[in-house]
Amino acid sequence: MSTVVKEKDKQRSDVILQYLRPRKAMPTVWCAGCGNGIVMSAIIRAVDNLGLSKDNVVMASGIGCSSRMPIYLDFNALHTTHGRALAFATGVKFARPELKVIVVTGDGDALAIGGNHFIHACRRNIDITTVLINNNIYGMTGGQGSPTTPAHAFSTTTPFGNAEKQFDPCGLAQAAGASFVGRGTVYHTPQLEKLIMQAIEHRGFSLVEVISNCHTYFGRLNKQGDAVTMINDFKDRAVPLAKAQKMTPEELKGKYVIGLLHKEEKTEFCDVYDDTVKHLTGGKQA
Amino acid sequence: MAKKERVLIMGNHACVLGAIYAGMRFYAGYPITPSTEVAEGCARELPKIGGRFIQMEDEIGSIAAAIGASISGVKSMTATSGPGYSLMVENIGYAYMTETPVVIINVQRGGPSTGLPTKVSQSDTMQAQWGPHGDNTAIAVAPSTIYETFTETVRAFNLAERFRSPVTILLDEVIGHSRQVVTLPDPGELEIFNRTKPTCPPEEFEAFAMTENLVSPMPAFGDGYRYVCTGLTHDTRGFTTNRPDEIAPKLHKLRHKIVDYKEEIVKLRDEYMDDAEIAFVSYGSVARAALQATSIARKAGAKVGAVQLFTIWPFPDEQIRQLCSRCRKVVVGELNMGQIIHEVRRVLPPDIEVHGLQRFDGEILTPMQLVEKLEEVI
Ligand SMILES: Cc1ncc(C[n+]2csc(CCOP(=O)(O)OP(=O)(O)O)c2C)c(N)n1
Ligand code: SF4
């Protein structure tokens, strides 16, 4: 039994190794136990399971701990400016629609400085997959409040408790027009992997929000313990969509509804534009 | 040979036609007076030739999308005006750092802030060099007629591709919005430069290699050369670095790939300079007035000449020094409180007097005003 488990573990880590950038000195900048690593392996497995060519994948990001990911992975890597990954990615995808574009972003990156690009990428329904790693705080700059910091929670810029309200990235994306919206956590890794796979396969804008841990700042400042304690806490607080639908708002307080939350068939931006081009050029060029 | 067609177009439309002539197939922008007709022209023309136009949510997104498209291998541009250019500068800095060709048209308006949307100005001249934070070396060009707007746009794309650098085209409202009848060059008449692509096997590829001329071959995303494109200071492979022995060479490369090849970038026009004792130095719409003022002065017997700057950045130090070497006095006319005059002063020997004629009330400098200034300084 244990040798079988070991063999399986080895296979899984071999897959990861195939996707790390050759000639790149490890380690990453991430703290030991940070959820970013778990999300990275889920993305790798999703891409691997889909059999995508590395040459065809563009991974774009903004600035933040989470946004360092493209530097480590052997895809076409576009590490841009804070909050702007989706705007850069829109240029890539629209210029070269045959490329698979995955954006990795943090809650601050996507929803604060990048909020405008986020809602408009959703609205256009451009075929980009966005993995939003939500750790409820700014990690890279040392633990300041973010648009997903819960009310009353502590951060270095909310030393007396957060007076602001939280964004719900999934609700925001759906309202803005995204045609695929899902949520996972760094505890539920097989589900997360599957969700990311589905998101990449989906034609249109897809958002996968991942509840993740920044134990270094959020955990410490809010007395939520170390990485393992925080990740276990996600297990206790996650509720699958089907179950959540039978629960009252009262019962759902402080919980994370996980799974595929919204999916619809909708025309995609590049496709619509290409139709116009075909019409104008008599089908010669697209 | 068939007689060439003559067309009546405005400056902003000449940008669109020049860009398409140069191979531009991707435009991302956000409307702002007085640049909007560039966006409108691209929206109309690009899909007809298989190109792509997108109106982004703001100027930050516009320049970002244009850079993303260029990294994907498509020549791209954006157009804006003062406040929009201010919003773009962080990402223009990103294009410098990642060595991405992209063309930015700034049809200048008066500032600061939203300033004068429909009035002429040349007050973004310094910003085109010093907009982004950090020690970048900029390329900026400035046409003065509708025909030149076409040819300078083509040249801007060639420079962007040749030097792997953002290039700003500084128009002013008078050039952007006035119309002239022009005969445009035929396809093939003007040279078109395309970025050099790598030919080595992907395993040997170094995205920011120190080549002989300091410009590295640039693959498109999807070509099979996977590399890291980051705004963080990086080594020749694109990996982020904090090592002094890698930081300095990178910054050296960014600067010297441009300043060491300045002769390829600098372009000036000089009229009556052979025996000129007094010279006008100007650019954009003022250069046109200066040419006229020069011929008026010549007819009156004064030894006056004119130097027109097509290349603003890098500043043509040597060339101006040479052209003006026999002059006693130089008059710099500008539609701002004096930006290029400081550069002219810097490059000329102290025995040449440099006088400025500056207008910053939203109106043009007329030939007669320049003539009057001559009479005053003579
Ligand atoms: C224009 C600009 N403003 C501010 C910063 C500083 N900055 C870097 S990362 C960051 C926040 C990152 O937080 P988040 O997106 O939540 O990512 P995390 O580090 O938590 O993964 C900020 C404010 C910057 N790089 N650029
Ligand atoms: S600071 Fe927080 S988000 Fe950043 S690597 Fe450490 S644990 Fe992760």
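Scroll up to find the structure this text is about.
Residues numbered from 1 in each chain as written. Chains lettered and ligands numbered in written order. Predicted model: local features only at pLDDT ≥ 70, side-chain atom pairs only at ≥ 80, totals over all residues. Heavy atoms only, no water.

Caption draft 1: Geometry of the overall build of chain A. The helix and strand inventory of chain A stands at 13 helices and eight strands. Taking 2.2 N^0.38 as the reference for a compact globule, 286 residues should give roughly 19 Å; the C-alpha atoms of chain A span a radius of gyration of 19 Å, in line with that estimate. Expressed as a percentage of the 286 residues in chain A, the buried residues total 55%. Put simply, 68% of the contacts in chain A that link residues at least 6 apart link residues at least 24 apart. (Helix = DSSP H or I, 4+ residues; strand = E, 2+ residues; numbered from the N terminus. Rg over C-alpha atoms; globule rule 2.2 N^0.38 Å. Buried < 20%, exposed > 50% of the residue type's maximum accessible area, 1.4 Å probe, protein only. Contact = heavy atoms within 4.5 Å.)

Caption draft 2: Focus on the environment of Arg-164 of chain B. All names here are of chain B. Mapped onto the fold, Arg-164 is located in the loop between helix 6 (146-163) and strand 7 (166-172). Taking C-alpha positions, Arg-164 is 7.4 Å from Arg-195, a pair spaced 31 residues apart along the chain. Of note is the side chain of Arg-164, whose polar atom sits 2.7 Å from the backbone oxygen of Glu-99. Here Ser-216 takes part through its backbone oxygen, which lies 3.1 Å from a polar atom of the side chain of Arg-164. (Polar contact = N/O pair within 3.5 Å; in protein donor to acceptor, adjacent residues only side chain to side chain.)

Caption draft 3: Focus on helix 12 (residues 340-347) of chain B. When helix 12 of chain B is considered as a whole, its buried residues turn out to be Ile-340, Ile-341, Glu-343, Val-344 and Val-347 of chain B. Seen end-on, helix 12 of chain B carries its buried residues on one side only, within an arc spanning 160°. (Arc of directions from axis to C-beta.)

Caption draft 4: Representation of the sheet that holds strand 3 (residues 52-55) of chain B within the structure. Residues and elements named next belong to chain B. Strand order across the open sheet formed by seven strands is 3-2-4-5-7-6-13, with mixed pairing between neighbours. This sheet does not close on itself; its edge strands, each paired only once, are strand 3 and strand 13 (311-313). Along the sheet, successive strands turn relative to each other by an average axial angle of 20°, direction set aside. Sheet analysis places strand 2 (residues 26-29) next to strand 3, joined by four bridges and oriented parallel. Across the sheet, the residue bridging to Phe-26 is Arg-52, located in strand 3. (Pairing = 2+ DSSP bridges. Axes fitted to C-alpha atoms, helices over the stretch in contact; angles between N-to-C directions.)

Caption draft 5: Layout of the sheet that holds strand 12 (residues 304-309) of chain B. Residues and elements named next belong to chain B. One open sheet accounts for five strands, arranged 10-12-11-14-15; its pairing is mixed. Bordering the open sheet on either side are strand 10 (268-271) and strand 15 (353-358), each of which pairs with just one other strand. When the angles between neighbouring strand axes are averaged without regard to direction, this sheet yields 20°. Lying over the sheet, helix 12 contacts strand 11 (278-282), strand 12, strand 14 (329-334) and strand 15, oriented at roughly 175° with respect to strand 15.

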